[in-house]
Amino acid sequence: MSEARREKAEKLHHLLETEGDTVAENTRLFNRGRYEATADLADYEALKDEARAIKEDAIERLPELIEELRDSVEANGGNLYVADDAADANRYVREVVTDRGDSVVKSKSMTTEELELNEALEEAGVDVTETDLGEWVLQVADEAPSHLIGPALHKSSEGIADLFNEQFDLEEPLETPRELTKFARDQLLVDIEEADVGITGANFVTADSGTVALVTSEGNARKSALVPDTHVAITGIEKVIPAVEDLEPFLELIGKSATGQDVPSYYSLLTPPLTSPPVDFERPNEAVTDDPEGREFHLVLVDNGRSAMREDPDLKETLYCIRCGACANSCGNFQSVGGHAFGGETYTGGIATGWETGVEGLESAAEFNDLCTGCTRCVPACPVKIDIPWINTAVRDRVNHMDGEGEFDFLVEGLTPDDEPAGLDRAKRLFGNFETLAKWGSATAPLSNWIAGSAPARWAMERWIGVSSERDLPEFQRETLVDWFETRGSRVDAADAEREAVLYPDVYTNHVAVERGKAAVRALEALGVRVVVPRSAAVGSGRAPLSQGMVETARGQAERFRDALSSELDRGRDVVVVEPSDLAAIRREYEKLLPADDYERLSESSFEVMEYVFGMLENGADGNELRAGDQEPVDYHAHCQQRTLGLAAHTVAVLERLGYEVTTSDTECCGMAGSFGYKSEYYELSMDVGEPLREQFGDDGRRVLASGTSCVDQLEALLSRPATHPVELIAPDTSPR
C-alpha cells in the first residue's frame, strides 16, 4: 500500500475505533426518525417539490431579493451588510462588537465556522462563548464539529461527563445527561446575561419583512438574540427567501429531515431590532428601561464564493441546501466514521463536497470526496431534492483534472481507453476502465484469473494500484453471456412472444456473472418474452467511469450505449437490465450525459430485471414455469440505487408471489459500492458499513439474495456463505419453450 493510502487507512481506522460507535448510534437514530416522521406526512414528495421550487426561485432572483431585504431591514431600523468574503465579514462584525464591549454569546452557526469568526474576535480581545450545547462542549474540548446539526454528535454522554469533570472545578462529579445539561444551562445563562453582543445564525431570512427564522433544539439562539441589546445575525446569501409565507414547507420539513422530530423544540421568528426593552437581570421583576430604541440589529449576509457557485451549473444546487444533515445521516460511510473524516474545513456529509469546493476550494473537497460512493441514499433523504451524488461526481472529475494538463498527457492519449489526464490515480483508471479489463480477462481466461490471483500479482496490485489483498477478485469467464446466447439463440418464437426484450449484457454479467445472465434469459422466456442478447449491445453503460469521476469517459460510453440500443428500441424491444447500478445510470445520470430526447427514450424503455418480471406477472403472464418457493425462507438485500429508484419492492413482491418467505435487510447500503470496497484504504471502512447486515442475517442459515454484483460479493465476505441474485432463484433450470 502506498504511503498516502496507508495514512488515509490509518486515519479511518482511528475514527472507527474512537468515534465510530457513537456516530453510528446517533446518525442511525436520526435516520430512523426521519423515516418515521415523514411517513406521517400526507404528501411528502409534494412538500419537497414545493420547498425546492421556492429555493430555485430564490437563488434565481437572489440579487433582487437581497435589495428587497435591505429595504426591509433598514425600514425596521436595522442594518444590512453584504460581505464579499470571510475577511470582510469578520472585519465588519469585529468593528460592531468592539464598539459595544468585549463579550459575545453566540448560537450555532455553520457560516461563522466557515468564517472562523471566533478566532477573529478573540484576536481582537473579545471573549466568545458558544451557547449551543454541542458547540459549547466542543469549545470546552477544543475540537472541531463533526456534523452539520449535531456538532458534538461523535461524543458520548460518558465522554462529555469526563470532559466537564476534568475541565471544571466541581463539588460533585457529573454523570447523567440531566446533570450535564443542567450544569451547561446554568453556566451558559451567566454568560448570556453578561454578554455585550449576541450573535446568531439564521436558517432563513425573508426579503419581504426582514424576518430571521431560527430553528434550534435548546432555545439559546433566541436568548442570544433577545438578551444583549445588540444582535448580529450572520448567514450566507443563499438563506434569503422571498416571503414569510414561504417558510411553511421548510418549517414542516427541517425538523423531520434533521433529527426525526415532528416539530423542533424551538422555532423563533424574529423581525429585529426588537421593540421590547433590553433586559437587566439585576432587576428581573421591573421594566428596567423605557428605551427600546436602544436595541441594535445588524444582518451580515456572506457571499464568500456563493455568487460564483450560483453561476456554476454543477455547484448551483448546493445553494438550495437547508443544512438539515439528512444526507449525512443516510450515508453508510458517514454513519461509520462521521464528519471528522467525511468533511472538509467547515462542512460535513454528502453536501459538503459542494460547499467546500465553493467556499474553501477544490483542495479541501479533494480530501474526502472519495468517501461518497454514489449510493444515492441521500437523494430521497434531501428535503429539497438536491442531486448530491452528481455534485460529488462532478467535483471528483475536477479533482482528477486538478493538476491541469500534464507533460505526459500525450503518452496516455491512444494508450488508455479513456479521456482522462496522465496523472489520474491508478486505481481510478483501473476501475474506470473495467470494460477493457474484462474483455481482456475473458479473452485470456483462465490464464488471466491465475495471473491475477497469484501472490506476486496481488502484492503488486496492492502496492502500486491500491487493490486490497483482502478481497477476492472477480473470475472472468472464457465464454461470455453473448457467446453463450449466440450459440443458443432465443427459445421463444416472435409469433408467440408476449413481448420482445434486449437483455443488456452489462460488463459484469457478460464477463463474470454469466450464470446470472443465463438465468435472466430463462426467467424472461418462461414468461413468454422473446429475448435477444446482441453482441452490439455489449458495451459499458458508463457506470464504471462515473464512479471514478471520469465524466467525459462516461459520456462517451453513454453515447455508445445509446447508439447500440437505439436500433433495438426502433424494433419495439424493451431493455432489461440486471445490474441496478447500470439502470441507475440510465435513469439518472444519462440526464446529465445525453441530449434530453435520448435520455427520455432510454430511461422510459429500460427496466430492472425483477421489475420487468413483476410487470409481466401483473399483466397476466403465466408464472407457473418460474421456480416456486414452497415457503422457503430467504434473506434479501436490495441494492442501494435500486432502493432510490423505488424498485426494491418489485423483487420482494415477485418472491412472495412465488411462495418465498422474505426477510428484507434493514441496511440501506452494504458498504461495497462497486470498486470502493476493493480499494485498500477503504477496505476496513467498507466492512464496517456492512456490519449491520452481518448482525441481521448472521448465521441464520437461510439462502441469501442480493440484487447488486457488489452486494453479492460483500454479503459473501460478511456471511461466509454464498449469495445470489434473485433471478437465479426463480429462473427455471432450462427454458421450457
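The name given to the protein chain in an unreviewed UniProt entry is LUD domain-containing protein, with Halorarum halophilum as the source organism.

Quick notes on the packing of aromatic side chains
Under the criterion given, the structure shown has 19 aromatic pairs. Ring geometry for Phe342 versus Phe368: centroids 6.2 Å apart, planes at 50 degrees, classification tilted. Placement of the pair is Phe342 in the loop between α15 (332–337) and α16 (352–360) and Phe368 in the loop between α17 (362–366) and α18 (378–381), with a sequence separation of 26 residues. Side by side, Phe342 and Phe368 carry an identical accessibility label, which is buried. Through pairs of rings, three or more aromatic residues link up here, namely Trp136, Phe164, Phe168 and Phe183. Above the face of the Trp464 ring, Arg463 is positioned so that its terminal group lies 4.7 Å from the ring centre.

Notes on the pattern of salt bridges
Throughout the structure, instances matching the rule amount to 54 salt bridges. Put simply, Lys256 and Glu252 hold a salt bridge, and the shortest N to O gap is 3.0 Å. Separated by four residues within a single helix, Lys256 and Glu252 lie in helix α12 (residues 247–258), roughly one turn from each other. The exposure class assigned to Glu252 is partly exposed, which follows from its relative accessible area of 32%. Look at the salt bridges and you will find they share partners, linking Glu45, Lys48, Asp49 and Lys385 into a network.

Observations regarding the packing of helix α29 (residues 551–570) against helix α30 (residues 580–593)
Two elements in contact, α29 and α30, have axes whose closest approach is 10 Å; the angle formed by their N-to-C orientations is 110 degrees. Of the possible angle classes, the one that applies to α29 and α30 is roughly perpendicular. On the side of α29, the interface is formed by Val551, Ala554, Arg555, Ala558 and Phe561, while α30 contributes Ile586, Tyr590, Lys592 and Leu593. Partitioned by chemical class, the residues of the contact of α29 with α30 number seven nonpolar, no polar and two charged.

With respect to a nonpolar patch on the surface
A surface patch of nonpolar side chains, amounting to about 350 Å² of accessible area, comprises Leu447, Trp450 and Ile451. Position of Leu447 relative to the elements: it lies in helix α23 (residues 447–453).

As for the state of the cysteines
Applying the stated rule across the entire model yields zero disulfides. Left unpaired, Cys640 is separated from the closest cysteine sulfur, that of Cys669, by 4.3 Å. No disulfide involves Cys711; its nearest neighbouring cysteine sulfur is the one of Cys670, lying 4.1 Å away.

Let's talk about the pairing of strand β6 (residues 212–216)
On a regular strand, one side chain projects to one face of the sheet and the next to the other, so that they alternate. Buried residues dominate β6, accounting for five of its five residues. Of the two faces of β6, the one carrying Val212, Leu214 and Thr216 and the one carrying Ala213 and Val215 are both buried. Alignment of strand β5 (residues 204–206) against β6, held across two bridges, turns out to be antiparallel. Considered in β6, the bridge of Phe204 is made with Ala213. Between the end of β5 and the start of β6, which pair antiparallel, lie five residues, with Gly210 showing a positive phi angle near 75 degrees.

As for helix α22 (residues 434–444)
Where α22 is concerned, the buried positions are Phe434, Glu435, Ala438, Gly441 and Ser442. Across the axial projection of α22, the buried residues extend over an arc of 125 degrees, all falling on one side. Lining the buried residues of α22 we find α21 (426–432), α23, α26 (507–511) and α29.

Considerations on the nonpolar core
Grouped together as the largest cluster of nonpolar side chains are 61 residues, with contacts concentrated most on Ile351 and Ile386. A total of six residues in this core trace back to one element, the largest contributor, which is α12. Counting contributing residues, this core receives three or more from each of domain 1 (41–304) and domain 2 (481–730). Ignoring any residue separated from it by four or fewer positions in sequence, one finds Ile386 in contact with Arg52, Glu317, Tyr320, Cys321, Ile351 and Ile391. Val482, Phe485, Val514 and Val654 belong to the second-largest nonpolar core, a separate cluster that totals 43 residues.

Some points on the domain arrangement of the protein chain
According to the domain assignment, the protein chain contains domain 1 (41–304) and domain 2 (481–730). Taken over C-alpha atoms, the centre of domain 1 sits 47 Å from the centre of domain 2.

Some details on the side chain of His511
You can see His511 is positioned in helix α26. A polar atom in the side chain of His511 sits 2.9 Å from the side chain of Ser442. Setting aside residues up to four positions removed in sequence, His511 forms contacts with Ala438, Lys439, Ser442, Glu475, Phe476, Gln477 and Thr480.

Remarks on helix α8 (residues 133–141)
Judged by how many residues are buried, α8 sits mostly within the fold: seven of nine residues are covered. Just downstream of α8, Asp142 is the residue with a positive phi angle, here 55 degrees.

A closer look at the sheet that holds strand β3 (residues 127–130)
Taking strand neighbours across the sheet as the criterion, the six strands line up as β1-β10-β7-β4-β2-β3 in an open arrangement whose pairing is parallel. The open sheet has two edge strands, β1 (79–83) and β3, and neither has a second partner. Geometrically, the sheet is characterised by an average inter-axis angle of 20 degrees between neighbouring strands, direction not taken into account. Where strand β7 (residues 230–236) lies against strand β10 (residues 296–302), seven bridges are found, and the strand directions are parallel. By the bridge assignment, Thr230 is partnered in β10 with Glu296.

Regarding the pairing of strand β4 (residues 197–200)
Where burial is concerned, the two faces of β4 agree: the one with Val197 and Ile199 and the one with Gly198 and Thr200 are both buried. The pairing of strand β2 (residues 103–106) with β4 spans three bridges and is parallel. Within β4, the position partnered with Lys106 by the bridge is Ile199. Two strands pair when backbone bridges link them, and β4 and β7 are joined in this way by four bridges, in the parallel orientation. When the bridges of β7 are listed, Gly198 appears paired with His231.

Things to note about the sheet that holds strand β16 (residues 661–664)
Pairing is parallel in the open sheet, where four strands are placed in the order β16-β15-β17-β18. A single partner strand is all that each edge strand has here, and the edge strands are β16 and β18 (723–724).

Details of the packing of α30 against helix α31 (residues 596–605)
Between α30 and α31, the least distance of the axes is 9 Å, while the angle of their chain directions is 175 degrees. Viewed along their axes, α30 and α31 adopt a mutual orientation that is roughly antiparallel. Here α30 contributes Ile586, Arg587, Arg588, Tyr590 and Glu591 to the contact with α31, which in turn contributes Tyr599, Leu602 and Ser603. For the contact of α30 with α31, the residue count by class is four nonpolar, one polar and three charged.

Reading the values: the criteria
Residues numbered from 1 in each chain as written. Predicted model: local features only at pLDDT ≥ 70, side-chain atom pairs only at ≥ 80, totals over all residues. Heavy atoms only, no water. Phe/Tyr/Trp six-rings, centres within 6.5 Å; stacked < 30°, edge-to-face > 60°. Helix = DSSP H or I, 4+ residues; strand = E, 2+ residues; numbered from the N terminus. Buried < 20%, exposed > 50% of the residue type's maximum accessible area, 1.4 Å probe, protein only. Lys NZ or Arg CZ within 6 Å of the ring centre and 35° of its normal. Salt bridge = Lys/Arg side-chain N within 4 Å of Asp/Glu carboxyl O. Axes fitted to C-alpha atoms, helices over the stretch in contact; angles between N-to-C directions. Parallel < 35°, antiparallel > 145°, perpendicular 65-115°, else oblique. Contact = heavy atoms within 4.5 Å. Nonpolar A, V, L, I, M, F, W, Y, C, P; charged D, E, K, R; others polar. Patch = residues over 30% accessible without salt bridge, like charges linked within 9 Å, V, L, I, M, F, W, Y side chains within 5 Å. Areas by Shrake-Rupley, 256 points an atom, 1.4 Å probe, with all protein chains shown as cover. Disulfide = S-S within 2.5 Å. Pairing = 2+ DSSP bridges. Arc of directions from axis to C-beta. Core = buried A, V, L, I, M, F, W, Y, C linked by side-chain atoms within 4.5 Å. Domains from an automatic or database assignment. Polar contact = N/O pair within 3.5 Å; in protein donor to acceptor, adjacent residues only side chain to side chain.

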